[in-house]
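# Tertiary structure, described
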Amino acid sequence: MSGARIVVIGTGYVGLTTGACLAALGHQVTCVDVDDVKVARLAAGRVDILEPGLEELVTRGLAARRLRFVVGSRAAVADAEAVYLCVPTPMGAGGAADLRAVEAVIAEIADVLPAGCAVVTKSTVPVGTAQRIRALLGRDDVPVVANPEFLREGTAVADFMHPDRIVVGSDDEAAARRIADLYRDLSAPNVITDAASAELVKYAANCFLAMKLSYVNAIAELCERLGADIVSVTEGMGHDRRIGRSFLKPGPGWGGSCLPKDTHALVQVAESVGFDFSLLTAAIVENIAQRDRIVAKIAGAVGGSLAAARIGVLGLAFKAGTNDLRDSPALSVTSMLAAHGAEVTAYDPAVREALPGMTVVDDPYQVAKDADAIVVLTEWAEFTKLDWGYVADLMQGDGVVDTRNLLEPRTITDAGLSYVGLGRPRPA
Ligand code: NAD
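Residues numbered from 1 in each chain as written. Predicted model: local features only at pLDDT ≥ 70, side-chain atom pairs only at ≥ 80, totals over all residues.

In the nomenclature of an unreviewed UniProt entry, the protein chain is known as UDP-glucose 6-dehydrogenase of Amycolatopsis thermoflava. One UniProt comment on the protein chain, placed under Sequence similarities (unreviewed entry), says "Belongs to the UDP-glucose/GDP-mannose dehydrogenase family." (UniProt positions renumbered as here; feature names shortened; annotations may be inferred.)

## With respect to the site of the ligand
Within the structure, the ligand sits among 26 residues, and G10, G12, V14, S123 and T124 are positioned closest to it. For the shell around the ligand, the secondary-structure elements that each account for two or more residues are α1 (13-24) and α5 (100-109). Its residues placed into classes, the shell around the ligand shows 13 nonpolar, eight polar and five charged. (Near = placed C-beta within 6 Å. Helix = DSSP H or I, 4+ residues; strand = E, 2+ residues; numbered from the N terminus. Nonpolar A, V, L, I, M, F, W, Y, C, P; charged D, E, K, R; others polar.)

## Section: the nonpolar core
Within the largest apolar cluster, 83 residues are counted, with the highest numbers of intra-cluster contacts made by V7, I9, A82, V83 and Y84. Top contributing element to this core by residue count: helix α9 (residues 195-226), with 11 residues. Residue assignment places this core across two domains, with domain 1 (5-192) and domain 2 (194-428) each supplying three or more. Within the second largest apolar cluster, 45 residues are counted, among which are I294, A301, L316 and V375. (Core = buried A, V, L, I, M, F, W, Y, C linked by C-beta atoms within 7 Å. Buried ≥ 20, exposed ≤ 12 C-beta atoms within 10 Å, placed from the backbone. Domains from an automatic or database assignment.)

## Re helix α3 (residues 54-63)
Those residues of α3 not exposed but buried are L57, V58 and G61. Projected onto a plane normal to the axis of α3, the buried residues spread over an arc of 100° and lie on a single side. Looking at the buried side of α3, the elements it contacts are α1, β2 (28-32), α2 (36-43), β3 (67-70) and α7 (156-161). R65 sits one or two positions beyond α3 and adopts a positive phi of about 55°. (Arc of directions from axis to C-beta. Contact = placed C-beta atoms within 7 Å.)

## Some details on the UniProt feature "binding site: substrate" (unreviewed entry) in the protein chain
Within this numbering scheme, the UniProt entry marks F150, L151, R152, E153, K202, F247, L248, K249, P250, G251, G255 and K319 as carrying the feature "binding site: substrate" (unreviewed entry). Judged by maximum C-alpha separation, these annotated positions cover 170 residues in sequence and are scattered in space, the widest gap reaching 23.0 Å. Topologically, F247 is positioned in the loop between α10 (230-238) and α11 (259-272). Note on F247: 17 C-beta atoms within 10 Å, which makes it partly exposed. What F247 contacts, discounting residues up to four positions off in sequence, is L209, K212 and L213.

Quick look at the structure:
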């Protein structure tokens, strides 16, 4: 297929990136969403999520008439060659993926899809979903293809255009190859497989990353107890090509819109086939423990009790480079601080909205004013460039808890403050 007619349903991080990038690859793309305000803004070239390069691609796609935004799937799919599902699959009851949005879209379009049009799942969906969609469609002339997305928020466009791999799976091999061909201008290894395997790749990969993070958080805890330095330990581990250097930094616990729901969903999928995935469950338990340890560290930095302590928080997004707050570990930590009676003032360069349990300010130095301790919760590079001497002048206490090991400890101690990182010895 060259210049294929593609409909993308759902214009969030994944859908908008997919739509804009497929248009940039020369396809004719119609993006659909139920949110009419969002559709109107996108049709005017306004992108509300923070993703480098995305707004430019949207503007270019609109100008070239290769990209349009509409409400209503039924009319949009009438002459489509492929329909991409990019709707949310949040954590549902008991931890399983909630597929209601996927099912709602299928119910809406099943009888108007043209024969031969492929339904493509880009949303993260549990194994068996392609089969379930086929049953819901009730048609033999519409193939279902699993094409999981691996982009990371903050680098979504670059990840889409330069993927590590493209995974396409279907029980209709010709349909899988047709979808893989849509990406032929991207240079990446293609993994063409059956639907169940493609669906499982996404969970297997995300859950592996979550386990890696839980593991490194546990090693950081051991470093503290044994007097070792996690920075050297992970450097020594990361040079091993079997391990690699990425996802080897301790933090306040993993979060975001994917890892928490995907780990729970895979535990549920495993349970549904009688397998106790205790390895993955342990990673989830470790992640909860990590937040407790972080809160205990912050309490330690203000003399033991958080009641009425003034805590200045730097960073709210679940990671640097995004304004996404979904399941952000920073929000878990701040709500635990508030529950312990702390007064929280927070700054994040990408977040301006009012949030419960804290005062959100638009200047990093405002969080320092009269603070008993400062806590870094997101690894924004700009925090390393603060005038820490000035921060010290503004503060009432002297504690700096760096849950991302972002800051240079010496810079903090030179400013007369006391530095606490993760798995690092306290500077002398
Ligand atoms: P999102 O919440 O940012 O966007 C989802 C969009 O779908 C919203 O604009 C919403 O209005 C729209 N929508 C909901 N129901 C709809 C319907 N019935 N018809 C049309 N539009 C509808 O979600 P996201 O982060 O883009 O995630 C989408 C899927 O992709 C999820 O399954 C997620 O797990 C997966 N995924 C996400 C990421 C990521 O980094 N965000 C990466 C890879 C995969």
